[in-house]
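Chains, contacts and geometry: an overview
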Amino acid sequence: MVSVQSPPGGRELPYARVLLPPAIVMAAATGAAVALVAGPARIAVGWCGAVATLLVIVTAAEAVRRGRNLRDLRAEHARHTAYLERRLADQTHEMVRLGKEILPATLHRLSSGESPER
């Protein structure tokens, strides 16, 4: 089973551990391709492999950046949700107090003849 949650303890992998494996695999694949092709095509294959390796590194870096941004957005959302839940609980408490204490006392005072202005 695959977990989509953050690693335990909030640790995150450093850039090198995320970016190096794909770059190493692409460089190895480029080296193997250059070794397997005929002489005149080696330069073109080497350039294509180098460009592909750079694209893989840029893509991995962007994925890491977006992952960190998403983590920050989730944390901000959790803080905002907790704030709204606290406000809702406070308002619920005030509504219960209004219904159980203030309104009955006001109705009793009005029924006993006090004026509404008071």
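Residues numbered from 1 in each chain as written. Predicted model: local features only at pLDDT ≥ 70, side-chain atom pairs only at ≥ 80, totals over all residues. Heavy atoms only, no water.

Comments concerning the overall build of the protein
The test is simple: The helix count covers DSSP runs of H or I at least four residues long, the strand count covers runs of E at least two residues long, and both are numbered beginning at the N terminus. Buried residues are those whose accessible area, probed at 1.4 Å on protein chains only, stays under 20% of the maximum for their type, while exposed residues exceed 50% and partly exposed ones sit between those limits. The criterion used for residue contact is that any of the two residues' heavy atoms lie within 4.5 Å. The protein chains shown are the only cover counted for residues, whose accessible areas, like all others here, come from Shrake-Rupley with a 1.4 Å probe.
Summing up its helical and strand segments, the protein has two helices and zero strands in all. Buried residues in the protein amount to 6% of all 118 residues. The long-range share in the protein, meaning contacts at least 24 apart out of those at least 6 apart in sequence, stands at 53%. For the protein, the accessible surface area stands at approximately 9800 Å², while carbon and sulfur atoms represent 67% of it.

Let's talk about the pattern of salt bridges
Basically, it comes down to this: One speaks of a salt bridge when a side-chain nitrogen belonging to Lys or Arg is within 4 Å of a carboxyl oxygen belonging to Asp or Glu.
Under the defined criterion, the tally for this structure stands at six salt bridges. Put simply, Arg65 and Glu62 hold a salt bridge, and the shortest N to O gap is 2.5 Å. Within this pair, Arg65 and its partner Glu62 are both found in helix 2 (residues 42-111), separated by three residues, close to a single helical turn. Classification of Arg65 as partly exposed rests on a relative accessible area of 42%. In this structure, Glu76 engages Arg79 in a salt bridge whose closest nitrogen and oxygen atoms are separated by 2.8 Å. Note that Glu76 and Arg79 are positioned in helix 2 at a spacing of three residues, about one turn of the helix. Looking at Glu76, the relative accessible area reads 42%, which means it is partly exposed. A single salt-bridge network, built from bridges that share partners, covers Glu62, Arg65 and Arg66.

Focus on a nonpolar patch on the surface
Rules: Patch membership requires more than 30% relative accessible area and the absence of a salt bridge. Residues of like charge join within 9 Å; the nonpolar side chains Val, Leu, Ile, Met, Phe, Trp and Tyr join within 5 Å.
Judged by side-chain polarity, Met95, Leu98, Ile102 and Leu103 come together as a nonpolar surface patch covering roughly 340 Å² of accessible area. By relative accessible area, which is 43% here, Leu103 ends up partly exposed.

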